[in-house]
Number of protein chains: 2
Amino acid sequence: MDMLWNGWGDPAKAAPLPEPVIGLLREMLGVKPREAEPPGLADIAVPGSPLEPAVLRELATAVGGEDHVRTDAETRLRHTRGKSTPDLLRIRAADVTDVPAAVVLPAGHDDVVAVLRVCAGHRLPVVPFGGGTSVVGGLAPGRQGPFVALDLRRMDQLLDIDAVSRTATLQPGLRAPHAEALLAEHGFTLGHFPQSYEWATIGGFAAARSSGQASAGYGRFDDMVLGLTLATPEGTLDVGRAPRSAAGPDLRQLVLGSEGAFGVITSVTVRLRPVPPVRRYEGWRFASFAQGGEALRRLAQDGPRPTVLRLSDETETLIGLAQPDAIGANGLPGDAGCLAIVGFEGTEEDTAHRREGAATVLTELGGTCLGAEPGERWAHGRYSAPYLRDSLLDAGAFAETLETAAFWSRIPGLYAAVRDALTATLTEAGTPPLVMCHISHVYDNGASLYFTVVSAQGEGDPVAHWTRAKHAANEAILAAGGTISHHHGVGNDHRDWYVREAGPLGVAALQAVKRRLDPDGLLNPGVLLPTD
Amino acid sequence: MDMLWNGWGDPAKAAPLPEPVIGLLREMLGVKPREAEPPGLADIAVPGSPLEPAVLRELATAVGGEDHVRTDAETRLRHTRGKSTPDLLRIRAADVTDVPAAVVLPAGHDDVVAVLRVCAGHRLPVVPFGGGTSVVGGLAPGRQGPFVALDLRRMDQLLDIDAVSRTATLQPGLRAPHAEALLAEHGFTLGHFPQSYEWATIGGFAAARSSGQASAGYGRFDDMVLGLTLATPEGTLDVGRAPRSAAGPDLRQLVLGSEGAFGVITSVTVRLRPVPPVRRYEGWRFASFAQGGEALRRLAQDGPRPTVLRLSDETETLIGLAQPDAIGANGLPGDAGCLAIVGFEGTEEDTAHRREGAATVLTELGGTCLGAEPGERWAHGRYSAPYLRDSLLDAGAFAETLETAAFWSRIPGLYAAVRDALTATLTEAGTPPLVMCHISHVYDNGASLYFTVVSAQGEGDPVAHWTRAKHAANEAILAAGGTISHHHGVGNDHRDWYVREAGPLGVAALQAVKRRLDPDGLLNPGVLLPTD
């Protein structure tokens, strides 16, 4: 099944907003119903592919037949940009500036190498395409002219499993649920559950240095990767002979996060864990975000470490309550405070022990256990936020998310700075927003902050309207000592701030690598690094 | 205090071998007493510094005075090569081919930048020098002509500590015990205890991607590093704004393991842990290396994870027993089997819980607990092996170590291949060796093997004699799927095998980085990467 072309996920799972919520949006935020129905897929005019038939024939030869080179309008539209709110607004406005010239579907590593050779011969940029879930402009090569979208969906095999070492080698086009199903046959799990889980791919996780909701227990995706194969225009790079090594810089960590700019990831060797027999998620209430943040820090630093650990600020906690089916359901009083989700996965004995230890710490630090209900509701709805965004857009509202991370001592200042930047910019633009936040991932030394913004769309171009606020948030992040992205990545959208974060010499080092692996600059141009 | 110039450590801690052990070496291995006393420091003829006075004056200006530019024979000899056995054999043979032209002592980052500028102006190679403990030829720039040793000992400050985030920023010249003492004043520890602990420096740990004996609990040094500053001829690179990020490749992991070839590390921000109130080490006996290896794998994969976890093979266990003060002391019967050290550090409650859980697993898998005595003896002697090596060399024997790592399923084959390669090569050369091994570090997905070789020195050049065996071991490691080094690094000695491990494109990517940061190729030439 294909993802909804102008929104998120499986159209059958759409969750329209109840009328009372729409009423609230209109009253509180001044959201106006949209003026016209957006165009249907068939209504959008897509110019014919600019590629010569001879080029298309060469590409077809590279991937084993013309069935695997698509130039029809629908396929090309379905590979246009990713799933940020600006991406959705643009496609709903029938903006086809970023449509690929062709969608090419390789069956394996050798096909990818052959495609890169053809593209090098014609100076044709290549954008690797996994699940298409980028929310940072990772799939739009900065208006560089015609380009090929390299859709990896045919590369969806479990290539190898080593039960003794607990490793598996996976192809990049495997979607996460499919990968989990294949590993579960052997009793294993990756433990990687980002919000994009249902659609994102193994290659995308690696290319974008993804982090999942259970990272406190299982680590980030970059912690899980033991080996990678990268096809580049200059040949193949294979990295990872041992779990850890002192033999030079860790080349795995140079490929992870390279976002298709250095090459196409054609296999990923990952660490496995046994499927946990027990999964238990609970809600905890704290009086304030600051109080809850201290409790999360304590657990992250001194343990026992839960598998899932998150904390919503006051606004996000309240808005969670504003959902009609949730009001009053989780035992939170009117003064909701801040809701934390604390989850444990593992054996019965291990989860019981950690849960008991964590409960002692959380209680000591002011937390009140709300039992399993809020935890189970979180687990049930953990992949549903992007559907909710579609419904908000349908209702004429604007909704988007952004995220960052910093060391613990900087978290309070970073939180205030980003929230204030978003609030001030959008209020000044006439659309005072709701800004919500949660601590989404915790580490010994810091945490990630994940912001959600909901407002009216404002007058004029909604993308430009948001862009001002987004840029203000980016500036606030850099000024307050945060990283420009903790798990969404860089893409086109964060590139100019990433360049400042990495510094001129850091960027120069990465550009040197890119020039060596991709001398013609054909791989995802403008993504991650500036074009020369 | 300076390290012993032609051996290891503090001369006052020398531990001469008892006569019965020397007797055993002669009987078992054919070790012959050395024919002549090696030269004293003052006996070695060192040519005068080839640097022009004008250059020396420029260097003195860069580091704040001529006191900090040394050209005397003793200082230069003390900065000649590192502490591998070939290094010791060469210096004991008065081989001064690798003596630096000058030893320069910068006081801080700006001094380092200034030194690099002077050296660039004169095309003078620079070798960063921390504790001087490299055992892979990391301090000898491959006979490239005159070079400067950049001794970082004056850069020994704790620059910053953040008790909330549990981070500290350290200067690179801090020796580990000094760093631990400074951190202990704040209640913290790094938890990094490699065998070189007493002499190695923070900068060296980072540059060489070091791993300590408590890595099962505290992680490797590359796990501990949150930020780095690198001074290069092209400017300064600052990396690490957050504990983790999705903003591009992890540049920290490009600097870690760069062995001075990309720049000089001038500060390191590290993760801290509270000083553990409890440290408890125990011995366990297994019938065989294979049986014990399975038990270690189980603990590494399913926990509870000890802080220290090591396992000696049958030979190493037996030889441990052959030390007179140990015979019969640890309750092992004549058929010693294999000794594991299992250690726990942390709070009373946490260590008790993990110890109990681990004991259940180890017992289930065939282990017998030997109590605290072997553990305490290990802890007491954990930094003494290099002293023992000096005594073996003094007695006319040859002794050296090497190490590798691989995924668990490859460990048995790797163990046999390396042991057999060393045994066959040295036996064929007329010096049948004792080859001992232990699993020194464990991970979810694999482990490190650490080999110790003792034999007679053979006829002729002892370095050439060993080099044949070492090369055979390197070939065996690559063929059996291991990495050429798990914690010693690449240096000059492993470079040609590292090039094969990283592959042509991996090496090309790193060379591209080097050319960008060090366009004249002046930084540690020949170390890590081939010179062009």
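Before reading further, recall that the structure is shown in the block above.
Residues numbered from 1 in each chain as written. Chains lettered and ligands numbered in written order. Predicted model: local features only at pLDDT ≥ 70, side-chain atom pairs only at ≥ 80, totals over all residues. Heavy atoms only, no water.

1. Overview of the overall build of chain A
- Each helix and strand in chain A was counted, giving 18 helices and 18 strands.
- Relative to its length of 532 residues, chain A is compact, with a C-alpha radius of gyration of 23 Å against a globular reference of 24 Å.
- If one aligns the C-alpha atoms of chain A with their principal axes, the spans along those axes are about 70 × 60 × 45 Å.
- Taking all 532 residues of chain A together, 62% fall into the buried category. (Helix = DSSP H or I, 4+ residues; strand = E, 2+ residues; numbered from the N terminus. Rg over C-alpha atoms; globule rule 2.2 N^0.38 Å. Buried < 20%, exposed > 50% of the residue type's maximum accessible area, 1.4 Å probe, protein only.)

2. Here we look at the packing of aromatic side chains
Residues and elements named next belong to chain A.
- By the definition in use, this model includes 14 aromatic pairs over all chains.
- Aromatic side chains Phe289 and Tyr415 sit 4.6 Å apart centroid to centroid with 50° between the ring planes, which places their arrangement in the tilted category. Residue Phe289 is located in helix H11 (residues 289-302), and its partner Tyr415 is located in helix H16 (residues 411-428); the two are separated by 126 residues in the primary sequence.
- What links up through ring pairs into an aromatic cluster is the set Phe193, Tyr197 and Tyr383.
- The ring of Tyr415 carries Arg419 above its face, with NZ or CZ at 4.8 Å from the centroid. (Phe/Tyr/Trp six-rings, centres within 6.5 Å; stacked < 30°, edge-to-face > 60°. Lys NZ or Arg CZ within 6 Å of the ring centre and 35° of its normal.)

3. Thoughts on the relation of the copies chain A and chain B
- For the pair chain A and chain B, the superposition axis carries a translation of 0.0 Å, the fit reaches an RMSD of 0.0 Å, and the rotation angle comes to 180°. Taken together, the rotation and translation relating the two chain copies correspond to the operation of a two-fold axis. When each C-alpha of chain A is compared by its distance to the rotation axis, Ala512 of chain A comes out closest, at 2.7 Å.
- When you check the interface residues of chain A against chain B, 100% turn up at the interface there too, and the contact is symmetric in its surfaces. (Least-squares fit on C-alpha atoms with pLDDT ≥ 70 in both. Contact = heavy atoms within 4.5 Å.)

4. Considering the side chain of His68 of chain B
- Looking at the element boundaries, His68 of chain B is found in the loop between helix H2 (53-62) and strand S1 (69-70).
- Those residues in contact with His68 of chain B that lie beyond four places of it in its chain are Val63, Val103, Val104, Leu105 and Arg154 of chain B.

5. Notes on unusual backbone geometry
- Cis geometry marks the peptide bond from Gly303 of chain A to Pro304 of chain A; its omega dihedral reads -5°.
- With respect to the element layout, Pro304 of chain A can be found in the loop between H11 and strand S13 (308-312).
- In the Ramachandran plot, Arg123 of chain A falls in the positive-phi region, its phi being about 50° despite a non-glycine side chain.
- Mapping Arg123 of chain A onto the fold places it in the loop between helix H5 (109-121) and strand S3 (126-129).
- Positive phi is not limited to glycine here, since Leu528 of chain B has a value of about 70°.

Keep in mind these values describe shape, not function.
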